[in-house]
Amino acid sequence: MNFRIIAKDLAIDLGTSSIEVYKKGEGVVICEPSLLVLDHQNKAIKAIGEPAKDMIGKTPDDIIVQKPIEKGVISDFNLTEAMLNYFFQKINPGFSVIQPRVVVCVPSGITDIEKRAVEDASLHAGSRDVIMVDESLAALFGIGLSPEDPRGVLALNLGAGTSEVCLVSLNGIVASKTMNLGGDYIDKEIVSFLRNNKKIEIGINTAENIKKEILSLKISDKEKSMNVEGRDLIDAKPKRIKLRSEELAEIILPFADKIVDMIYLVLEKTPPELSADIKNDGFIMTGGLSNIKGLKEFIEKKIDLKGHVSDNPELDAIKGAGIILEDPDRFFKYKSR
Ligand SMILES: Nc1ncnc2c1ncn2[C@@H]1O[C@H](COP(=O)(O)OP(=O)(O)OP(=O)(O)O)[C@@H](O)[C@H]1O
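None of these values were measured; they are calculated from a predicted model. Here, residues in each chain are numbered from 1, in the same order as that chain's written sequence. Residues qualify for local features only when their pLDDT is at least 70, as the model is predicted, and side-chain atom pairs are given and counted only at 80 or more; totals for whole chains, interfaces and linings, by contrast, use all residues. The basis for the side-chain values is all heavy atoms of the structure; hydrogens and waters are excluded.

Colleague: Please set out the pairing of strand β17 (residues 225–232) residue by residue, giving values where relevant.
Modeller: Across two bridges, the pairing between strand β16 (residues 200–201) and β17 is antiparallel. Following the sheet pairing, isoleucine 200 is matched in β17 by aspartate 232. Of the pairings in the sheet, the one linking β17 to strand β18 (residues 238–244) comprises seven bridges and is antiparallel in character. Note on β18: the bridge partner recorded for glutamate 229 is arginine 240. Pairing between strands is defined by DSSP: at least two bridges between the two strands are required. Labels follow the DSSP assignment, with helices taken as runs of H or I lasting at least four residues and strands as runs of E lasting at least two, numbered in each case from the N terminus. Between β17 and the antiparallel strand that follows it, β18, lie five residues; alanine 236 among them carries a positive phi value of about 65°.

Quick look at the structure:
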């Protein structure tokens, strides 16, 4: 059995769709789906993370797939603790005398009770101290913003369970607006669209692939298409259809409009001194859903500001949480206890 005095400290982005973990001094070491597979009868855990995702939609009746995080917050405390414990052990296997300190990203809109649940789950799973940071803020640090920067920054953090618009200045959130809709909502809308309009039943993983492949707000992509396989709702036989990007406009346009409405609500609350910064610098998009094709350009056109997205927006928050972990005193005001 492995034995050590001090376990390496960790930073965690405990997301609705994926959990990412950064190990102090090393970088991002885990990036896996936030999922568990349980035995239906005795609720014993059969798989966690990547292997659990592969079982979605193919599981026999005696097995169930569970998401411990829904809409950015813990929906099942015990499963969250089990998942965290599993990843903590994977990173620091065996026994440690001094447990790791952890930095955890949380959505800025969550309640004190929801924050407490994150803290308790992390402590029960085997950490000695928990520092919570706003996910949107961490994402900005991840792409290079400095906590000492007095400029106003308009940030959109678009994830699987939540979408957030924040105005950030000097290491703090000045104004924000959050909605509990993100990539998971779009996946479910794609499933319903195909059920109602094409009479085909598809699984949630297929819907996510459709979202990544052909969901687009670009006019030039409207003829883009892909073959989609599922079950015919009329005769129950396997069915294949060709789906065009243009057909999905009724899903993505209302969603993109909601984001624009949130941006205007935050801009209305922006102090005039910071408005000039936003006029000059535009907005920054972080979170995996920022990858939707044409979304940045759509928002740019609607609000007449320039947008910026990093190469891997789904990793911005964990990179930022890692930066905080390496030098927590610089971000001291975010310490939760
Ligand atoms: N290329 C892509 N096109 C469209 N959507 C994408 C793409 N890549 C990832 N996504 C979506 O981004 C979402 C995941 O983003 P992210 O990892 O930032 O969310 P999360 O941290 O798990 O969720 P939250 O922060 O809401 O709890 C998923 O819905 C995923 O399908």
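Read on for the rest.
Colleague: Can you break down the domain arrangement of the chain residue by residue, with the values?
Modeller: Accessible area lost upon the coming together of the parts is a frequently used measure of interface size. In terms of domain boundaries, the chain breaks down into domain 1 (3–32 + 74–138 + 317–334), domain 2 (151–181 + 252–314) and domain 3 (183–250). The domain limits used here are those given by an automatic or database domain assignment. The C-alpha-based centres of domain 1 and domain 3 are spaced at 35 Å.

Colleague: Kindly report on the sheet that holds strand β15 (residues 172–179), identifying the contributing residues and their values.
Modeller: The five strands lie next to each other as β15-β14-β13-β19-β20, forming an open sheet whose pairing is mixed. Edge positions in the sheet fall to β15 and β20 (307–309), since each of these pairs with one other strand and no more. Averaged over all pairs of adjacent strands, the angle between strand axes in this sheet comes to 20°, irrespective of strand direction. Summarising the sheet, strand β13 (residues 153–158) and strand β14 (residues 163–169) pair through six bridges and their orientation is antiparallel. Within β14, the position partnered with leucine 158 by the bridge is serine 163. Each axis is a line fitted through C-alpha atoms, and for a helix only the stretch in contact is used; angles between axes span 0 to 180 degrees, taken between their N-to-C directions.

Colleague: Describe in detail the site of the ligand, supporting the description with residues and values.
Modeller: Distances are taken per atom, and a residue is near a molecule or strand as soon as one of its heavy atoms is within 4 Å of it. Thr16, Ser17, Gly161, Glu208 and Lys211 are the nearest of the 20 residues found near the ligand. Under this definition, polar contacts are N or O atom pairs within 3.5 Å; protein pairs additionally need one hydrogen-donor-capable and one acceptor-capable atom, and for neighbouring residues in sequence, both atoms have to be side-chain atoms. In this structure, threonine 16 approaches the ligand through a side-chain N or O atom, which is 2.6 Å from an oxygen atom. Within the contact set of the ligand, an oxygen atom lies 2.5 Å away from a side-chain nitrogen or oxygen of glutamate 208. Coverage of the ligand by the protein amounts to 91% of the 650 Å² it exposes when considered alone. In this description, accessible areas are obtained by the Shrake-Rupley approach with a 1.4 Å probe, and a residue is regarded as covered only by the protein chains that are shown.

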